[in-house]
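The chain contents come next:
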Amino acid sequence: MTKELLKQVRVIDPVLKTDTVADVLIIDGYIQAIAEKITDFSADTSIRDCQGLVLGAGLVDLYSHSGEPGFEERETISSFLQAAAAGGFTRVSVLPDTLPAIDQPALVTQLQQYREKEKPCPNLHIWGAITLDLAGKQLTEVADLVTVGVVGFTDGKPWENLGIVRRVLEYLQPFGKPVAFWPCDRYLAASGRMREGAEALRIGLPPIPATAETTAIASLLELVADIGTPVHIMRVSTARSVELIAQAKAKGVLITASTTWMHILLDTTSIKSYHTSLHLDPPLGNNRDMLCLRDAVRTGVIDAIAIDHAPYTYEEKVQAFAESPPGAIGLELALPLLWQNLVATGEFTALELWRVLSHQPAACLQQEVKAIQPGEKAELTLFNPLQTWQVNKANLQTLSYNTPWFGQEVTGRVVQTWCHTNLK
């Protein structure tokens, strides 16, 4: 039996909507007591002075990429989970774009068996593919994938055929599982590499118009309103998209939405460095897009922040910006950098940030995050917002290091996570 007493820790609870300083006693993975001062504890209790530290509900990632199976040189399930734990995540959800794609029950079971070999934290959830080989043509055996416990369904890539999207919404409705789409018109995006605007002209990279996203979102919203199947909209990146989503929600359309952590931190001005880890898909928005996304996250129009961790090898990323594969790692960097740039500056409260990284992503997955109170399982993240560390190979658990912060000093680091398996 393990007994831990966290003295004078700042407790952030997005369920109770409280931000207080207290002593917290954790015994054998359960919260035993929370009080202004705890004096009744046994001699074998481990005591930690937590002044200045933050204890919050465990972070939940809506979607990220794992290399395994197929691209183990980028990331294995083991390194993926270790990186997630190091970043404060107690639940993570893997997208099905592996090789082979996660479109068969046997592969889901295989990944779950990998998970059982790891430590109890974090919990691994798996998105099942909607179509075979993510080709957007033939539907997978959805019922079989539900039986083996997928968290929801997505291909994690843009769709070209709205007729199939309509059919998918009709077919998946009875299963009651989360269904996620990434709206993007690839014909409008064409060969673009960054958001259309003045910066694209200055930098000289092929532009992607905002309409590549907004027209696709508008079409999806019409289908959802017509058919009634709840949908999660992934990777929202434009100000106009936020307006469309807000209007749809006001009309009662059954949608949730997420943006990624890098899209609310950075805008197109960052790309002047030509750092290939700033090549994202969808691309970073203009300054207005970024500010609008921040406001939408704070007000709840955008329900959650996703990490969309996308590891690539050094060789894959060391090439011309336009030729590099889009994506960046983020599991170990998101919380420190979001806290440093949004909470420490006063733009977000700690409670606002923690809500969209824990409670709200879980809700999008039809999961629950429990309040931090006696009797509940300890699914918690302990964070030191003032600890500095350098982003380098020695300090990262992920196998890849495609991030624009590589080699830089970052403030804020996760100290410990607690969680249990088989969380619902």
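Here, the structure is the one placed above.
The structure reproduced in this document is the subject of the present report. (Residues numbered from 1 in each chain as written. Predicted model: local features only at pLDDT ≥ 70, side-chain atom pairs only at ≥ 80, totals over all residues. Heavy atoms only, no water.)

1. Considerations on unusual backbone geometry
Residue Pro-100 follows Leu-99 across a cis peptide bond; omega there is 5°. Mapped onto the elements of the fold, Pro-100 is located in the loop between β7 (89-94) and α2 (105-116). Look at the link from Asp-281 to Pro-282: it is a cis peptide, with omega at 5°. Of note, Pro-282 is situated in the loop between β14 (255-260) and α9 (287-299). The phi angle at Arg-235 is positive, at roughly 55°, despite the residue not being glycine. You can see Arg-235 is positioned in the loop between β13 (231-233) and α8 (239-250). The backbone of Asp-308 sits at a positive phi, close to 55°, despite the residue not being glycine. With respect to the helices, strands and loops of the structure, Asp-308 is situated in the loop between β15 (304-306) and α10 (314-317). (Helix = DSSP H or I, 4+ residues; strand = E, 2+ residues; numbered from the N terminus.)

2. Regarding the pairing of strand β1 (residues 3-13)
Regular strands place side chains that alternate from one sheet face to the opposite one. Burial analysis of β1 places eight of its eleven residues in the buried class, which makes it a mostly covered element. In sequence, β1 turns back onto strand β2 (residues 18-27) through a hairpin of four residues, with Lys-17 there showing a positive phi of about 60°. As defined by bridge partners, β1 adjoins strand β4 (residues 46-49) across four bridges and the pair is classed as parallel. The residue bridging Lys-7 from the neighbouring strand is Asp-49, located in β4. (Buried < 20%, exposed > 50% of the residue type's maximum accessible area, 1.4 Å probe, protein only. Pairing = 2+ DSSP bridges.)

3. Some words on the state of the cysteines
A complete count under the given rule lists zero disulfides for this structure. Counting only cysteine sulfurs, Cys-292 is the nearest neighbor of Cys-184, a cysteine outside any disulfide, at a range of 18 Å. Left unpaired, Cys-364 is separated from the closest cysteine sulfur, that of Cys-292, by 18 Å. (Disulfide = S-S within 2.5 Å.)

4. Concerning the pattern of salt bridges
On inspection of all chains with the given rule, the structure shows 17 salt bridges. Taking the shortest distance from any N to any O, the salt bridge between Arg-10 and Asp-19 comes out at 2.7 Å. Judged by relative accessible area, Arg-10 falls into the partly exposed class, the value being 30%. (Salt bridge = Lys/Arg side-chain N within 4 Å of Asp/Glu carboxyl O.)

5. As for helix α4 (residues 162-172)
All buried positions along α4 are accounted for by Ile-164, Val-165, Val-168, Leu-169 and Leu-172. Looking straight down α4, one finds its buried side chains confined to an arc of 140°; they lie on one side. Where α4 is buried, its residues contact α3 (142-147), β9 (152-153), β10 (180-181), α7 (211-227) and β13. (Arc of directions from axis to C-beta. Contact = heavy atoms within 4.5 Å.)

6. Digging into the side chain of His-309
Take His-309: it is sitting in the loop between β15 and α10. Since its relative accessible area comes to 1%, His-309 is described here as buried. Within the local environment of His-309, its side chain forms a polar contact with the side chain of Glu-75, the two groups lying 2.8 Å apart. Once residues lying within four places of it in the same chain are set aside, the contact partners of His-309 are Tyr-63, Ser-64, His-65, Glu-75, Phe-80, Ala-328, Ile-329, Gly-330, Leu-331 and Thr-398. (Polar contact = N/O pair within 3.5 Å; in protein donor to acceptor, adjacent residues only side chain to side chain.)

7. Here we look at the sheet that holds β10
If you trace the four strands from one edge of the open sheet to the other, you get β10-β13-β14-β15, paired in parallel fashion. With partners counted over all chains shown, the strands left at the sheet margins are β10 and β15, one partner each. In terms of strand pairing, β10 meets β13 through two bridges, oriented parallel. What sits directly across from Phe-181, in β13, is Ile-233. Relative to β13, α7 is tilted by about 170°, and along the sheet it contacts β10, β13 and β14. (Axes fitted to C-alpha atoms, helices over the stretch in contact; angles between N-to-C directions.)

8. Details of the sheet that holds strand β6 (residues 59-64)
Within the open sheet, the four strands sit side by side as β6-β7-β8-β9. Their pairing is parallel. Each end of this open sheet is capped by a strand with a single partner; those strands are β6 and β9. When strand β8 (residues 123-128) meets β9, the two strands line up parallel, connected through two bridges. Residue pairing for β9: Gly-128 is matched across the bridge by Phe-153.

9. Observations regarding the nonpolar core
Phe-181, Ile-233, Trp-261, Leu-338 and Leu-353 are the most contacted members of the largest nonpolar core, which has 111 residues in total. Setting aside chain neighbours within four positions, we find Leu-338 in contact with Trp-261, Ile-264, Leu-265, Ile-305, Val-343, Leu-353 and Leu-357. Residues Leu-6, Val-11, Ile-31 and Leu-382 belong to the second largest nonpolar core, which totals 14 residues. (Core = buried A, V, L, I, M, F, W, Y, C linked by side-chain atoms within 4.5 Å.)

10. Quick notes on the side chain of Asp-155
Mapped onto the elements of the fold, Asp-155 is located in the loop between β9 and α4. Although Asp-155 lies buried, it forms no salt bridge, and the closest oppositely charged side chain, Lys-157, sits 6.7 Å away as judged by the N-O distance. For Asp-155, the side chain forms a polar contact with the main-chain nitrogen of Ile-130, separated by 2.8 Å. (Lys, Arg positive; Asp, Glu negative; His and termini not counted.)

11. Overview of the packing of α7 against α8
Close contact between α7 and α8 brings their axes to 9 Å; oriented N to C, the two are set at 15°. With respect to α8, the axis of α7 lies roughly parallel. In the packing of α7 onto α8, the handedness of the crossing is right-handed. The residues of α8 that touch α7, namely those facing Glu-213, Thr-214, Ile-217, Ala-218 and Leu-221, are Arg-240, Ser-241, Leu-244, Ile-245 and Ala-248. Looking at side-chain class alone, the contact of α7 with α8 contains six nonpolar, two polar and two charged residues. (Parallel < 35°, antiparallel > 145°, perpendicular 65-115°, else oblique. Left-handed = near helix turned anticlockwise from the far one by under 90°. Nonpolar A, V, L, I, M, F, W, Y, C, P; charged D, E, K, R; others polar.)

12. Considerations on the environment of Leu-351
Checked against the element boundaries, Leu-351 lands in helix α12 (residues 350-357). Sequence separation between Leu-351 and Asp-13 is 338 residues, and the spatial gap between their C-alpha atoms is 7.2 Å. Sequence-distant contacts of Leu-351, that is, excluding residues within four places in its chain, are made with Ile-12, Asp-13, Pro-14, Lys-17 and Thr-18.

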